[in-house]
Structure formats: C-alpha cells, structure tokens
Amino acid sequence: MKHIVCYSGGHSSALVAIEVVRRFGKEQVVLLNHDISSKVEHQDVKRFKQEVADYLGLPITYANIGGLAADELPDQIDVVLKAKAFKVGSGTELCTARLKTEPFMGWLAQNAEDKNCVIYYGFDANERHRIQRRSSAMAAHGYRTDYPLALWTKRTIGQTIEVGINPPMQYDYFKHANCIGCLKAGRQHWYIVYCVRPKLYEKAAKAEDEIGYTIINDVSLRELAPMFERMKNAGVPMSEHIPQQRFWADVKKLGIHIDDVEVVKPCECVL
Ligand code: SF4
C-alpha cells in the first residue's frame, strides 16, 4: 500500500508528511509535489520542502506540468496567457488545472493505477467542506483519501519548528505558500503583490488586458492600482494575516474607500 502525501511546500502538508512517516514508516511514502516556477514560488518555500524531505530521509517526487524541469516551468500567468483564459469549463482556475490537477491525475494513472494507495491532504478540522469535496472527487476516481490534521486523534507534531525546521518566510506576508500572485486570491493578496512584486503585478495586469477578463470579480488590477498606491503611501500593512473585514475597515478609516469587501473563496490548490 502506497501512502501518497500531497506535499505542497506549505506548513500543513509538511506536518502531514511527518505524521504519515511516523505512523507507517517511510518505505511506502511518496512526497508528491508539483514544482512551481521560482518566479512565483518563494525560494524559502523550496528550502522548507527540501529540509522536511531531508528530515524524513525521502526524496521529493515531482509531477510537473509537461514533465518540465524546474528551470523550464511556466508560471500561472504564462499558462493562462497561452490558453487565453483564466478558467476551465467548470469554472475552476485554469492554472490549477494545468499546473497541478492534470499532472497529479497523470502521475496517479501511471504510478498508482491499481489504486492500492491512500492519498493524504493537509486540510484541518475547520475545513470540513473542502474535505468532503476532495473525498468525493477522489472517490469518484476510485482513490481513498485521509486528512491527518483533521481526523487523526493521535497527533505527534504541531509545528515543524519542533524538529528544528522554520516555516517558510512567505508566511510573513501571506497566509498560504501558494503561487505569489495567486489567480484565485482577492484584493488583500494583490495589494501585497502590488507592493512587493510590482513587475509580477504588471504582468498580471497585461494578462487581463490580453484575455479580456479580470482576475478579481468586476475590477481590474489597473483600476485597483491607484487605490493600492494610496494604501502603500498611507502605510497599510502588507499582510494576509489581518482578517479581511478588519483589514478593509482600517483602510476605510484612512479615507480610502473600496466597494464591498469581496468574499474570498479558499484556493483549491492543495498540492
Ligand atoms: S496557487 Fe493560485 S495561482 Fe497557483 S496554481 Fe493555484 S490557483 Fe493558480
């Protein structure tokens, strides 16, 4: 029986990897990752996933788009520009499909065809809906899933710092170790991108021009830029760790107004 850990490079997936290896031993454990272009995956995320893999004595198994090497990978904006679309048929993000879901299902078809495996995800107990959706989606393909952070009663680790591994520095600004400039993220995320990665912000704005749709519902990055500039000049903190209602209420107190605060859906990128 293979134990396949969806090993995203985020802190939760690292905890899952450690729990699974501690419970089952490492022989049948696979740390499955989709490497992300270093243009949009912080170097410290790469450091983190490698350090955890080294701690476990396991290699990282990569299932990359098109089987490409790390230095050839397109970023999320390259893939949507190539397809001239932000979404695929059912409304899910095209970048998720191209960079993650398709390589993942391709890897499973080649390496776990007999379905004699369990696939592990890093959702926690507050993410019941995501667990339900993921369980159903994978069960429809004949795969079993498990969620150690939500469902295992006997846990052995709560933070990687307990084994001397610092979480990625990306968490200083962002809540997730997702692509910087996530195409599923909302204004708070894009405000940070505007401040810390202006060239990436411009690349995404150009993609909106070319594709003819906006990343954030009903407002383009070019329209948001003057507001972000005012926020930056006013010293609004670059952080996704401030709850969004409070974040935008504080912005409003500075006399900078935005339309209704959006409802940000969780990113479905789980690998
Ligand atoms: S993390 Fe965001 S940008 Fe990256 S593939 Fe997922 S949805 Fe797309």
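Criteria and thresholds
Residues numbered from 1 in each chain as written. Predicted model: local features only at pLDDT ≥ 70, side-chain atom pairs only at ≥ 80, totals over all residues. Heavy atoms only, no water. Helix = DSSP H or I, 4+ residues; strand = E, 2+ residues; numbered from the N terminus. Expected span 1.5 Å × (residues − 1). Buried < 20%, exposed > 50% of the residue type's maximum accessible area, 1.4 Å probe, protein only. Contact = heavy atoms within 4.5 Å. Phe/Tyr/Trp six-rings, centres within 6.5 Å; stacked < 30°, edge-to-face > 60°. Lys NZ or Arg CZ within 6 Å of the ring centre and 35° of its normal. Axes fitted to C-alpha atoms, helices over the stretch in contact; angles between N-to-C directions. Parallel < 35°, antiparallel > 145°, perpendicular 65-115°, else oblique. Left-handed = near helix turned anticlockwise from the far one by under 90°.

**Focus: helix 2 (residues 43–56)**
Here is step 1 of the chain: A rise of 1.5 Å per residue sets the reference length of helix 2, with its 14 residues, at 20 Å; its end C-alpha atoms lie 20 Å apart and thus fit the reference within 8%.
Here is step 2 of the chain: Three or more residues of helix 2 are buried, namely Asp44, Val45, Lys46, Phe48, Lys49, Val52, Ala53 and Leu56.
Here is step 3 of the chain: Where helix 2 is buried, its residues contact helix 1 (11–24), strand 2 (29–33) and strand 3 (60–62).
Here is step 4 of the chain: Positive backbone phi, approximately 70 degrees, marks Gly57, located one or two places after helix 2.

**Brief notes about the packing of aromatic side chains**
Here is step 1 of the chain: Scanning all chains against the criterion turns up 14 aromatic pairs.
Here is step 2 of the chain: Centroid distance Phe24 to Trp152: 6.3 Å. Interplanar angle 75 degrees. Geometry classified as edge-to-face. With Phe24 in helix 1 and Trp152 in the loop between helix 6 (148–151) and helix 7 (187–196), this pair connects stretches of sequence that are 128 residues apart.
Here is step 3 of the chain: Classification of Phe24 as partly exposed rests on a relative accessible area of 39%.
Here is step 4 of the chain: When its relative accessible area of 10% is taken as the criterion, Trp152 is described as buried.
Here is step 5 of the chain: Aromatic pair Tyr194 and Tyr201: ring centres 5.1 Å apart, planes at 80 degrees, arrangement edge-to-face. Like Tyr194, the residue Tyr201 is buried in the burial classification.
Here is step 6 of the chain: Three or more aromatic residues joined by ring pairs make a cluster, and in this case those are Trp190, Tyr191, Tyr194, Tyr201, Phe228, Phe247 and Trp248.
Here is step 7 of the chain: The side chain of Arg23 reaches across the aromatic face of Trp152, ending 3.8 Å from its centre.

**Focus on the packing of helix 3 (residues 76–83) against helix 8 (residues 198–211)**
Here is step 1 of the chain: At a minimum axis separation of 10 Å, helix 3 and helix 8 run at an interaxial angle of 15 degrees. It follows that helix 3 is roughly parallel to helix 8 by the angle criterion. Remark: the crossing between helix 3 and helix 8 carries left-handed chirality. Between helix 3 and helix 8, the residues in contact are Ile77, Asp78, Val80 and Leu81 and Leu200, Lys203, Ala204, Ala207, Glu210 and Ile211, respectively.

**Notes on the environment of Ala207**
Here is step 1 of the chain: Mapped onto the elements, Ala207 comes out in helix 8.
Here is step 2 of the chain: When its relative accessible area of 2% is taken as the criterion, Ala207 is described as buried.
Here is step 3 of the chain: Placed 127 residues apart in sequence, Ala207 and Val80 show a C-alpha to C-alpha distance of 7.9 Å.
Here is step 4 of the chain: For Ala207, the residues in contact, after removing those within four places along its chain, are Ile77, Leu81, Phe86 and Gly212.

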